[in-house]
Amino acid sequence: MIETPSLVDQYCHGVLRTELGLGTFEAHLARTEGPPAAGTTFFDTQTGFALRRWCPPLLGLEPHCTPALYLARRRELGVLESGRRLLRGSGITTYLVDTGLPGDLTGPGEMASAGAARAHEIVRLELLAEQVADTSGTVECFLANLAESVHGAAVNAVAFTSVAGVRHGLALAPEPPGPGEVRGAAGRWLAGRRVGGTLTDPVLLRHLLWIAVASGLPLQLHAGLGEPGMRIDRTDPVLLTDFVRATAGLGTDLVLLHGYPYHRHAAHLAGVFPHVYADLGAALVRTGARAAAVFAEILELAPFGKLLFSSGAHGLPELHVIGARLFRDALERVLGNWVAEGAWSLTDAQRVAALIAAGNARRVYAVE
């Protein structure tokens, strides 16, 4: 048996503090622009079936119970108690939490308390820039405050994360924009923006990335499937190849988040470039019972010291459970079969499992 007693969830979000009805709950199981097909729910997905397999026992129910029975039990326990049971049952010992999403979500401290785990903050660059813009009156003030804010955030955060691929696409010019180019872009953005407006300007997105690279903290880049309405062809991680080359040797690690369905592309980049790492989260959570097959595809290309477990969970503690259980199940199936076939030794399989589960993340993010 392949054991992973410790899991470092290298990318996730907090969980909702409020009780959820059926429609709101199931909407978190699939990122879509519309409702489910007539006569079905979003429980009729790989993620939904994985939830019904792994989560009910943590709340005292049988696996594969009906969604109605599961949600009734969840309401009976209450959002705090059910969340505590689920997070503590996930086996995750450290959470790295992106605090950049809106909504009534728990922060790192609450995640640590509820999950009896450690937790650290990941700072989302675009949100940081938007917050600075809300309080900066001039271009010069904005740019100075932005640099200072990124520098200040680096003191306590373990990483920066960017959704430039979601906001614009990953085919950004790889070099840092010049000072005049940045000032011009900032002037146009500030002049046409209302308070709370989102950052989509490609010049300012590049500027943010390079400020983050200069900080020396790991930089996470969202790729592959993401928000509804997004053009997925613009988030293929191979579009980052020139930027990856431009950042080589500067001392900053790049972590390609999510990646699926371009997970082989992300694994390839992690194999070619010493400072690039690939995330496993969305590839496993979205594929459910097929997670082992997808995991094996990633292992075809990426060195084992360049892969990182995550749940990618957002809103529902169930998604942390699913991410962790599918990961462990995929490890057992893939590595266990290779050991049984004599292709790997059990010692090597156990060592690789420990690296992907926690060791690589501890090294990259310098967390205990």
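First, a word on what this report is: a plain description of the structure on this page. For clarity, every value in this text was computed on a predicted model and none was experimentally measured. (Residues numbered from 1 in each chain as written. Predicted model: local features only at pLDDT ≥ 70, side-chain atom pairs only at ≥ 80, totals over all residues. Heavy atoms only, no water.)

1. A closer look at the state of the cysteines
By definition, a disulfide is the covalent link that joins the sulfur atoms of two cysteine residues.
Phase 1 of the analysis: In this structure the tally under the stated criterion is zero disulfides.
Phase 2 of the analysis: Summary of cysteine pairing: C55 is not part of a disulfide, and the nearest cysteine sulfur, belonging to C65, is at 9.7 Å. (Disulfide = S-S within 2.5 Å.)

2. Here we look at the environment of G60
Phase 1 of the analysis: By the secondary structure assignment, G60 is in the loop between helix 2 (46–54) and helix 3 (67–77).
Phase 2 of the analysis: Each C-alpha atom of the pair G60 and L22 lies 20 Å from the other, and the pair is 38 residues apart in sequence. (Helix = DSSP H or I, 4+ residues; strand = E, 2+ residues; numbered from the N terminus.)

3. Comments concerning the nonpolar core
Phase 1 of the analysis: Grouped together as the largest cluster of nonpolar side chains are 84 residues, with contacts concentrated most on F142, F160, L219, F243, F295, F327 and L335.
Phase 2 of the analysis: At nine residues, helix 10 (residues 202–215) tops the list of elements feeding residues into this core.
Phase 3 of the analysis: Here L219 is in contact with L125, F160, S162, L209, A212, V213, F243, T252, D253, L254 and V255, once residues within four sequence places are set aside.
Phase 4 of the analysis: Core analysis: the second largest hydrophobic core is formed by 26 residues, F25, C55, L86 and A313 among them. (Core = buried A, V, L, I, M, F, W, Y, C linked by side-chain atoms within 4.5 Å. Buried < 20%, exposed > 50% of the residue type's maximum accessible area, 1.4 Å probe, protein only. Contact = heavy atoms within 4.5 Å.)

4. Focus: helix 9 (residues 179–192)
Phase 1 of the analysis: Given a rise of 1.5 Å per residue, 14 residues ought to cover 20 Å, and the 20 Å separating the end C-alpha atoms of helix 9 matches this to within 8%.
Phase 2 of the analysis: If you check which residues of helix 9 are buried, you get V182, A185, A186, W189 and L190. Summarising the axial view, the buried residues of helix 9 lie within an arc of 125 degrees, below the 170-degree limit, and thus occupy one face. With respect to the buried face of helix 9, the exposed residues turned more than 90 degrees away are R188, A191 and G192. (Expected span 1.5 Å × (residues − 1). Arc of directions from axis to C-beta.)

5. Quick look at the side chain of T287
Phase 1 of the analysis: As for its placement among the helices and strands, T287 is situated in the loop between helix 13 (281–285) and helix 14 (291–299).
Phase 2 of the analysis: Look at T287 and you get buried, because its relative accessible area is 5%.
Phase 3 of the analysis: Ignoring sequence-local partners within four residues, the contact set of T287 consists of Q46, Y260 and V294.

6. As for helix 3
Phase 1 of the analysis: Regarding helix 3, the residues found buried are Y70, L71, R73, R74 and L77. Burial along helix 3 is one-sided: seen end-on, the buried residues are contained in an arc of 155 degrees. In this structure, helix 3 carries A68 and E76 as exposed residues pointing more than 90 degrees from its buried face.
Phase 2 of the analysis: Packing partners of the buried residues in helix 3 comprise helix 1 (22–27), helix 2, helix 4 (79–89) and helix 15 (317–340).
Phase 3 of the analysis: One or two residues past the end of helix 3 sits G78, with phi positive at roughly 95 degrees.

7. A look at the pairing of strand 7 (residues 276–279)
Residues in a regular strand point their side chains to alternate faces of the sheet.
Phase 1 of the analysis: On strand 7, burial covers both faces: V276 and A278 on one face and Y277 and D279 on the other are all buried.
Phase 2 of the analysis: Sheet topology note: the strand 6 (residues 254–258)/strand 7 ladder contains three bridges and is parallel. Residue L256 lies in a different strand from strand 7, and its bridge partner there is A278.
Phase 3 of the analysis: Taking the sense of rotation as the criterion, the β-α-β connection linking strand 6, helix 12 (residues 263–272) and strand 7 turns out right-handed. (Pairing = 2+ DSSP bridges. Right-handed = clockwise from strand over helix to strand, strands pointing away.)

Without other data, these values stay purely geometric and don't point to any function.
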